[in-house]
Amino acid sequence: MAESEEPRTETTETLQSSFPAGRVKRIVKLDTEINKINSDALFLISNATELFVKFLTEKSSEVAVEKKRKMIKPEHLRVAVERHRPTADFLLDSLPDFLPTVQISKEPERSLKIKEKSSNSSVLPAGARRIDSFFRKGT
């Protein structure tokens with residue numbers, strides 16, 4: 001070793017996630033097949049979720065800028081998800097429809113009727129649950 005080189009001192013950095021570990025663990029344990037979760041796996045799931053949320057935020061921000069808005073609205077999130085095909089494949093069914101659909105009735109006065117789509121209109125496979133049911137307050 002040359003005298004000018006100093007030995008490296010390794011610092012131990014504690015990596016932390018933005019999400020509370022207990023909450024992530026509780027969400028993971030909603031799967032009946034999972035009884036225990038390793039702390040390393042919990043850390044990876046938490047960081048992957050953080051990256052995913054960051055990605056969705058960036059894409060939603062791009063949509064908001066395109067529409068000349070300063071705030072990201074739920075509609076912007078939905079458009080961002082629709083534009084990214086891999087995300088839309090698994091997430092689009094869980095997002096509620098924010099914009100009402102307009103239907104023209106066949107009545108003589110041709111009035112417009114606004115009909116809200118229900119978020120439960122999509123059919124789920126047997127044994128599947130919607131993710132939004134976890135976040136609803138219990139009654």
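Before reading further, recall that the structure is shown in the block above.
Residues numbered from 1 in each chain as written. Predicted model: local features only at pLDDT ≥ 70, side-chain atom pairs only at ≥ 80, totals over all residues. Heavy atoms only, no water.

Q: Hey, could you run me through the overall build of the chain in this one?
A: Secondary structure assignment for the chain yields 5 helices and 2 strands. Starting at the N terminus, the α and β elements of the chain follow one another as α-α-α-α-β-β-α. Considering the chain as a whole, with its 139 residues, one finds that 15% of them fall into the buried category. Residue pairs at least 24 apart in sequence account for 30% of intrachain contacts in the chain once pairs closer than 6 positions are excluded. Carbon and sulfur atoms form 55% of the exposed surface of the chain, whose accessible area is close to 12,100 Å². (Helix = DSSP H or I, 4+ residues; strand = E, 2+ residues; numbered from the N terminus. Buried < 20%, exposed > 50% of the residue type's maximum accessible area, 1.4 Å probe, protein only. Contact = heavy atoms within 4.5 Å. Areas by Shrake-Rupley, 256 points an atom, 1.4 Å probe, with all protein chains shown as cover.)

Q: I'm lost on the packing of helix α1 (residues 21-28) against helix α2 (residues 39-66) in this one. Help?
A: Packed helix pairs are specified by the crossing angle of their axes together with the interaxial distance, meaning the distance between the axes. As a packed pair, α1 and α2 sit with axes 10 Å apart at the nearest point and diverge in direction by 95°. Accordingly, the angle class assigned to the pair α1 and α2 is roughly perpendicular. Residues A21, V24, K25 and V28 of α1 form the contact with α2, whose participating residues are L42, I45 and S46. In the contact of α1 with α2, the residues fall into 5 nonpolar, 1 polar and 1 charged. (Axes fitted to C-alpha atoms, helices over the stretch in contact; angles between N-to-C directions. Parallel < 35°, antiparallel > 145°, perpendicular 65-115°, else oblique. Nonpolar A, V, L, I, M, F, W, Y, C, P; charged D, E, K, R; others polar.)

Q: Which parts of the structure should I look at to understand α2?
A: Within an α-helix, residues lying three or four positions from one another point in the same direction, as the helix has 3.6 residues per turn. Taking 1.5 Å of rise per residue, the 28 residues of α2 would be expected to cover 40 Å, and the 41 Å separating its terminal C-alpha atoms lies within 8% of that figure. Those residues of α2 not exposed but buried are L42, S46, L56, S60, V63 and A64. Where α2 is buried, its residues meet α1, α3 (74-83) and α4 (85-91). Backbone nitrogen of D40 and a side-chain oxygen of the N-cap are separated by 3.2 Å at the start of α2; the cap is N38. (Expected span 1.5 Å × (residues − 1). Polar contact = N/O pair within 3.5 Å; in protein donor to acceptor, adjacent residues only side chain to side chain.)

Q: Is there a simple way to explain α3 in this structure?
A: Residues of α3 that are buried include every one of H76, R78, V79, A80 and V81, and no others. Buried residues along α3 sit against α2 and α4.

Q: Please clarify how the packing of aromatic side chains should be interpreted in this entry.
A: In this description, an aromatic ring pair is defined by two values, namely the gap between the centres and the angle between the planes. As enumerated under the stated definition, the model contains 1 aromatic pair in all. Their ring planes at 40° and their centres at 5.9 Å tell us that F52 and F90 sit as a pair that is tilted. Linking F52 in helix α2 with F90 in helix α4, this pair joins segments that are 38 residues apart in sequence. Residue class for F52 comes out partly exposed when judged on its relative accessible area of 28%. The exposure class assigned to F90 is exposed, which follows from its relative accessible area of 52%. (Phe/Tyr/Trp six-rings, centres within 6.5 Å; stacked < 30°, edge-to-face > 60°.)

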